[in-house]
Amino acid sequence: MVGFDEKLSLDDAQGRDSAQYSAVLAGVHASAGTGGHQGRLSGMEIVMTPWAAYSLLGAAMHELAGRHLAAEDVLGRRLGTLADALASAPDWPRRFALVDAALVAWGAAGPSGSPLVARAWAEVGARRGIVTTDVLADSVGWGRRQLEKRFREQIGVSPKIAGRIVRLNHTLRALAAGRSPSEVAAAVGFSDQSHLSREFKAMTSLRPRQFVQAIAEHRVVERVPGHLTSVLLDR
């Protein structure tokens, strides 16, 4: 997220570790967080697949996982150059063109990601998160330890945690569509409703029924198409 004027505040789901950012990088998270502003916020959000971010940012993804970092600490002067250009651009088409050009240049200068990591990431999504690390390693022709090492480097988390995140997203969408927790537990691959509830609470800080109540009272957002990512609260 590259802001143009006001700062964005971010913290974890328990309200700890709050910080404000003009530009922020967020790695893969396996837990919820909250963001806020003072009533006005303008800027540009760039959402990348983790394996693409590995090349574009030139950083090991496990260094970003579960964290919010000031973008300039990772990107240095090139972030300031882009932020200034975006803020002064006369319209959104020009801003999109500037971002496209910057990402192409960053990707060309960054480390090359492994196509097998990208394939493993896609496989986790295709299987809705329900796949063991051993099966995933076999599918790409690697050993378990090699897959875990490369996955952590280029995705940021282990295949197991990536699967938990993918399965949570399917759970969120099913609950938002009006399905009961017991239905969702069976459909998404939890052993029972209690298992779903424990996992849901661990990753979102809410019980499933608390989440259903929250989305009934507020607006949900898909910042990534097909992924329910946020609930907007007016405070």
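Residues numbered from 1 in each chain as written. Predicted model: local features only at pLDDT ≥ 70, side-chain atom pairs only at ≥ 80, totals over all residues. Heavy atoms only, no water.

K.L.:
A description of the packing of aromatic side chains should follow, citing residues and the corresponding values.
P.N.:
The full count for this structure, using the stated rule, is three aromatic pairs. Through a chain of ring-to-ring contacts, three or more aromatic side chains come together here, namely Phe 4, Trp 92 and Phe 96. In this arrangement the basic side chain of Arg 95 is found over the ring face of Trp 92, its NZ or CZ atom lying 4.5 Å from the centre. (Phe/Tyr/Trp six-rings, centres within 6.5 Å; stacked < 30°, edge-to-face > 60°. Lys NZ or Arg CZ within 6 Å of the ring centre and 35° of its normal.)

K.L.:
Explain the nonpolar core residue by residue, including any values.
P.N.:
Counting 25 residues, the largest nonpolar core has Leu 57, Met 61, Leu 75, Leu 79, Leu 86 and Trp 106 as the members making the most contacts within it. Of all the secondary structure elements, the ones that give two or more residues to this core are α1 (50-57), α2 (71-75), α3 (77-88) and α4 (92-109). Judged by nonpolar contacts, the second largest core, of 15 residues, contains Val 124, Leu 136, Phe 151 and Val 166. (Core = buried A, V, L, I, M, F, W, Y, C linked by side-chain atoms within 4.5 Å. Buried < 20%, exposed > 50% of the residue type's maximum accessible area, 1.4 Å probe, protein only. Helix = DSSP H or I, 4+ residues; strand = E, 2+ residues; numbered from the N terminus.)

K.L.:
Outline the packing of helix α10 (residues 193-204) against helix α11 (residues 208-217), supporting the account with residue identities and numerical values.
P.N.:
Any two packed helices are characterised by the angle at which their axes cross and by the distance between the axes. Orientation of α10 relative to α11, taken along the N-to-C sense of each, is 65°, at an axis distance of 9 Å. Counted together, Gln 193, Leu 196, Ser 197 and Phe 200 of α10 and Pro 208, Arg 209 and Phe 211 of α11 form the full contact between these two elements. Classifying every residue of the contact of α10 with α11 by side-chain character gives four nonpolar, two polar and one charged. (Axes fitted to C-alpha atoms, helices over the stretch in contact; angles between N-to-C directions. Contact = heavy atoms within 4.5 Å. Nonpolar A, V, L, I, M, F, W, Y, C, P; charged D, E, K, R; others polar.)

In short, the description is geometric, and any link to function would need to be established separately.
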